[in-house]
Amino acid sequence: MKPLYNPEGVEARWQRAWEAEGLYDAEPDAPGEPFVIAHPPPNVTGALHLGHALQLSLADVLVRMRRMQGYNTLFQPGFDHAGISTQNAVEKHLATEGRTRQELGREAFEARVWEWLREYGGKIMHQFRRMGASMDYRRERFTMDDAYVRAVYRFFVHLYRKGLIYRANRIINWCPFHQTSLSDLEVVHEDVDDALTYVRYPLADGDGHVTIATVRPATILGDVAVAVHPDDERYRHLVGREVIVPFVERRVPVIADEAVERSFGTGALKVTPGHDPVDFEIGRRHGLPEPMVIGPDGRMSEDAGELAGLTQAEADERVLAWLKERGDLERRESYRHAVGLCERCKSRIEPLISLQWWCSMRELAGPALEALRERRVRFHPESQHRFALESLESAPDWNISRQIWWGHQLPLWECPDGHVTVEETEPAACGDCGSTELVRSEDVLDTWFSSALWPFATLGWPDDTPDLRTFYPGDLNTTGREIIRLWENRMIFSGLELLGEVPFRDVIIHSTVLATEGRRMSKSLGTGIDPTEIVDEYGTDATRYGLLKISSTQDVRFSYGAIEEGRKLANKLWNVSRLMLSAAEGVEPALRPRALEERWILARLEVTRAELEELVAGFDFAHAVDSLYHLVFDDFCDWYAEAIKPRLYDGDREAQATALAALERLLKLLHPVMPHVTEEIWTSLPGRASRLIVAPWPEPDLSHAEALGALDGVQEAAAIFRRSGVAVELEGDELRIFTAVVRPERTSTNGDAAAEIERLRREIGRAEGMLANERFVERARPEVVEAERGKLARYRRELAALGGGDDG
């Protein structure tokens, strides 16, 4: 039985060796053109998930290939401080001790966070290492490091002094549990079963009523208008008149606004600016008041009058009872809809109007939009480039303040007269009146504010450092589509604003990996898959291979089969390498091809090298690994190795030297995808002057191009024989190779040539019929049509080989 390659131990050993030997290191004065990927900083408290694993695999293929091609590669690691997530984790830890952050006080709580991080934080970087990510781990950065904090405050002060940061009351996502505003990414949407309540709003003049539909009866207390679409004939005659809001019996106008969805409910919308983003925008356009009847704790506020202090559910019941008693409750019906929940605590998000700090987007977005339109930054695939453009064109002003304690405390101070002083470090006195009674804002910055500086703050900005001069701008970023608006676009406009250059040229928006049955991955749903468990079972190389194999579209189902294919490929390569190394002991690798199969494998290696370079340059990793699979499994192992095996065992030194040289070239091509098994085999080859990780990438070599199709005939003969038992007449090298690879002597049955000829004729007729069908050719995917043409050509060749004539 052939030995199986066991990645356990081998992979960890190479991960330690590469890092210890400085082979990941990037230096500004090193030779070679820089190639830079500033990897998205993961949550400092987080753990590796499949999205990370795919992200790392994609980026590391590029980094390893460019390193072998002589580039001065920097793969930048680090963490963001994950303000809400980290604070939430520490508060949970405190709760086990029966304590709260309020009891500790801010300074003691921050100290406790640092203590907690020293014990529990940063473990994901070990998992990055396990994925074989060849990052320069010496350069690990954290967004709360002193140097990084200085960069964040420099950016804030810069924007404030340009008039781009301001304070205003706007509607925001509010978490009643964490008592803070949240970014859109920190809000998850889940479908819930609710009741849609139809309520009559009497016309103030007594001439009838308008019926509205709502899922939140308690918010009726905050209504300041009823809105209808200006083109809705049902309600046009009511615009300008007044209705009476139930329960509070307030007279409010009927207004016309294009934001109203005529298909929802009755097409008439109750307008509650304090508790709905759409209503807020309508209210601002029409100059409506903005009462708040729900407070920051999620309960009814003082403005709710007699309902103050009630939960919203309790207030709903009171309002519904009032409506029933007066005959204004028309009906209720089941209604399923999505509601926003806090990603961390699952509390229902409250849209609230809050006094927050904002960053104006108009001026910042302009240069970034120009860069995207001119393709100085390109998102891949194209659909995501369009989304990046559209999301930046419509980007609202950015709420940059958060009401938590962990993070970058806003660098602004207020005096008793309300003057605001903004400085990078604590000022001695108010910049307006000279008062020394200054109070610092308790808010912290949105985590994405600091992450926007990642491509250059990690290189020493705001100082002019050798790293910054060498490695900025970078080359590439890779991430998921959900943070294009929140991170990618912000890095682009921040780099242009502060350094005058885009931070990278290309952005790969990688696949979203779904569970095997097509649902989203989620621990709470029981559909999550831990990539470290996959690595434990299959090995890192197989995991990387499998993830790349399924990365062809934006939404992909996870496949254990793809991971298993990677494991089989590693085993196949391991076994054929053992065969060649044992047979060629004492022989130095050298290209001295004499036989047909040797020239053929060198041609196949060259064609695959060119394919790989083109596919990887186009970020088509799925087809790149598929090309490698066929090269390794089919061409190298099943055909070349089997064909030369007799010569290897017979002590043919020329064949042995050529086999080792071909293996060398194969290992180089496969290394970026499967680095560990290839490095292990490489080290066993004689005369190793360097590690494979820094060995030069193969140069183009067209000297054997004429042999590329040399085995087509024998391979088709093998396919016919294996399928039908019918032997095609061969001679010379073709017969020798066929005999060595197929071993026909082990098959005792004779095939039916006439039956096989008839089968091929039927297949030719079927394929010709499909390709003659204009609807098929026009409507089928191009690759499907091309595959059918390939089949037809193969059937015709096989028929000709059997002497059945070329029916086409």
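Anyway, here's the lowdown on the structure attached to this text. (Residues numbered from 1 in each chain as written. Predicted model: local features only at pLDDT ≥ 70, side-chain atom pairs only at ≥ 80, totals over all residues. Heavy atoms only, no water.)

1. Some details on the overall build of the protein
At step 1: Counting its secondary structure elements, the protein contains 27 helices and 25 strands.
At step 2: With the C-alpha coordinates of the protein rotated into their principal frame, the extents come out at 100 × 65 × 50 Å.
At step 3: The 808 residues of the protein split such that 55% are buried.
At step 4: Once local pairs closer than 6 in sequence are excluded, the contacts in the protein between residues at least 24 apart make up 77%. (Helix = DSSP H or I, 4+ residues; strand = E, 2+ residues; numbered from the N terminus. Buried < 20%, exposed > 50% of the residue type's maximum accessible area, 1.4 Å probe, protein only. Contact = heavy atoms within 4.5 Å.)

2. Focus on the pattern of salt bridges
Pairing is possible between side chains that carry opposite charge, provided their charged atoms lie close to one another.
At step 1: Taken as a whole and judged by the stated rule, the model has 75 salt bridges.
At step 2: The partner of Glu 654 in a salt bridge is Arg 592, with the nearest N and O atoms 2.8 Å apart. With a gap of 62 residues between them, Glu 654 in helix H21 (residues 653-670) and Arg 592 in the loop between helix H18 (560-583) and helix H19 (596-617) connect regions that are remote in the sequence.
At step 3: On the basis of relative accessibility, which here comes to 25%, the residue Glu 654 falls in the partly exposed class.
At step 4: For Arg 592, a relative accessible area of 36% translates into the label partly exposed. (Salt bridge = Lys/Arg side-chain N within 4 Å of Asp/Glu carboxyl O.)

3. Points about the environment of Gln 384
At step 1: Of note, Gln 384 is situated in helix H11 (residues 382-393).
At step 2: Residue Gln 384 is classed as buried on the basis of its relative accessible area, which comes to 9%.
At step 3: Contact partners of Gln 384, with chain neighbours within four places excluded, come to Phe 379, Arg 481, Ile 484, Ile 509 and Gln 554.

4. Remarks on the packing of helix H16 (residues 531-538) against H18
At step 1: Between H16 and H18, the shortest axis-to-axis distance is 11 Å and the interhelical angle comes to 35 degrees. Considering the relative orientation of H16 and H18, their crossing is right-handed. Residues Ile 534, Glu 537 and Tyr 538 of H16 lie in contact with H18, whose contacting residues are Tyr 560, Ile 563, Glu 564 and Arg 567.
At step 2: The residue inventory of the contact of H16 with H18, partitioned by class, reads four nonpolar, no polar and three charged. (Axes fitted to C-alpha atoms, helices over the stretch in contact; angles between N-to-C directions. Left-handed = near helix turned anticlockwise from the far one by under 90°. Nonpolar A, V, L, I, M, F, W, Y, C, P; charged D, E, K, R; others polar.)

5. A short note on helix H24 (residues 732-742)
At step 1: Ile 737, Phe 738, Ala 740, Val 741 and Val 742 are the residues of H24 that are buried.
At step 2: Contacts from the buried residues of H24 go to H19, helix H20 (621-649) and helix H23 (712-724).
At step 3: Once H24 finishes, Arg 743 follows within two positions and takes phi at roughly 55 degrees, a positive value.

6. So, the sheet that holds strand E13 (residues 329-342)
Across a sheet, paired strands are connected by hydrogen bonds in the backbone, their directions being either parallel or antiparallel.
At step 1: Pairing within the open sheet is antiparallel, and its three strands lie in the order E8-E7-E13. Looking at which strands have only one partner, the edges of the open sheet turn out to be strand E8 (209-214) and E13. Neighbour-to-neighbour, the strand axes of the sheet open up by a mean angle of 20 degrees, direction not taken into account.
At step 2: Bridge count for strand E7 (residues 187-202) against E8 is six bridges, and the pairing is antiparallel. Bridge pairing links Tyr 201 to Val 210 in E8. (Pairing = 2+ DSSP bridges.)

7. Here's the deal with the pairing of strand E2 (residues 72-76)
At step 1: A large share of E2 lies buried, amounting to five of its five residues.
At step 2: The side-chain alternation of E2 yields two buried faces, one formed by Asn 72, Leu 74 and Gln 76 and the other by Thr 73 and Phe 75.
At step 3: The sheet contact formed by strand E1 (residues 34-38) and E2 spans five bridges and is parallel. Bridged to Ala 38 within E2 is Gln 76.
At step 4: Note that the unit made of E1, helix H2 (residues 50-68) and E2 has a crossover that is right-handed. (Right-handed = clockwise from strand over helix to strand, strands pointing away.)

8. Brief notes about the side chain of Ser 391
At step 1: Along the chain, Ser 391 turns up in helix H11.
At step 2: A relative accessible area of 9% means that Ser 391 is categorised as buried.
At step 3: At 3.0 Å, the side chain of Ser 391 forms a polar contact with the backbone oxygen of Ala 388.
At step 4: Here the side chain of Ser 391 touches Asn 489 through a polar contact of 3.2 Å, side chain to side chain.
At step 5: Each residue touching Ser 391, except ones within four places of it in the same chain, is listed here: Ile 484, Arg 485 and Asn 489. (Polar contact = N/O pair within 3.5 Å; in protein donor to acceptor, adjacent residues only side chain to side chain.)

9. Concerning the sheet that holds strand E19 (residues 420-422)
At step 1: Ordered in space as E19-E18-E20, the three strands form an open sheet in which the pairing is antiparallel. Edge positions in the open sheet fall to E19 and strand E20 (439-440), since each of these has one partner strand only.
At step 2: For strand E18 (residues 412-414) and E19, the ladder comprises three bridges, and the chain directions are antiparallel. Its bridge partner being in E19, Leu 412 is matched across the sheet by Val 422.

10. Comments concerning the pairing of strand E23 (residues 506-509)
At step 1: Residues Asp 506 and Ile 508 of E23 are buried on one face, and the alternating residues Val 507 and Ile 509, pointing to the opposite face, are buried as well.
At step 2: Where strand E15 (residues 378-380) meets E23, three bridges bridge the pair, whose relative direction is parallel. If you follow Arg 378 over to E23, its bridge partner there is Asp 506.
At step 3: For strand E22 (residues 476-479) and E23, the ladder comprises four bridges, and the chain directions are parallel. Bridge pairing links Asn 477 to Val 507 in E23.
At step 4: Read from E22 through helix H15 (residues 484-499) to E23, the crossover connection turns out right-handed.

11. Overview of the nonpolar core
At step 1: Among the nonpolar cores identified, the biggest contains 135 residues, and Met 580 and Phe 636 are the most heavily contacted of them.
At step 2: Apart from the residues lying within four places of it in its own chain, the contact partners of Met 580 are Phe 636, Tyr 640, Ala 641, Ile 644, Leu 648, Ala 659, Leu 660 and Leu 663.
At step 3: In this structure, Ala 151, Leu 364, Ala 368 and Ile 400 belong to the second largest nonpolar core, which totals 60 residues. (Core = buried A, V, L, I, M, F, W, Y, C linked by side-chain atoms within 4.5 Å.)

12. Notes on the packing of aromatic side chains
At step 1: One pass over the structure, following the stated rule, counts 24 aromatic pairs.
At step 2: Here the aromatic rings of Tyr 148 and Trp 454 are separated by 5.9 Å at their centres, their planes lie at 40 degrees, and the arrangement is tilted. Here Tyr 148, found in helix H7 (residues 146-161), pairs with Trp 454, found in helix H13 (residues 454-457); they are 306 residues apart in sequence, far enough to count as distant.
At step 3: When its relative accessible area of 0% is taken as the criterion, Trp 454 is described as buried.
At step 4: Considering the side-chain rings of Trp 398 and Phe 493, the 6.3 Å spacing of their centres and the 70 degrees angle between planes classify their relative orientation as edge-to-face. With Trp 398 in strand E16 (residues 398-399) and Phe 493 in helix H15, this residue pair connects regions lying 95 residues apart in the sequence.
At step 5: Site record: aromatic cluster; members linked through ring pairs are Phe 155, Phe 156, Trp 398, Phe 449 and Phe 493.
At step 6: The ring of Tyr 71 carries Arg 66 above its face, with NZ or CZ at 5.8 Å from the centroid. (Phe/Tyr/Trp six-rings, centres within 6.5 Å; stacked < 30°, edge-to-face > 60°. Lys NZ or Arg CZ within 6 Å of the ring centre and 35° of its normal.)

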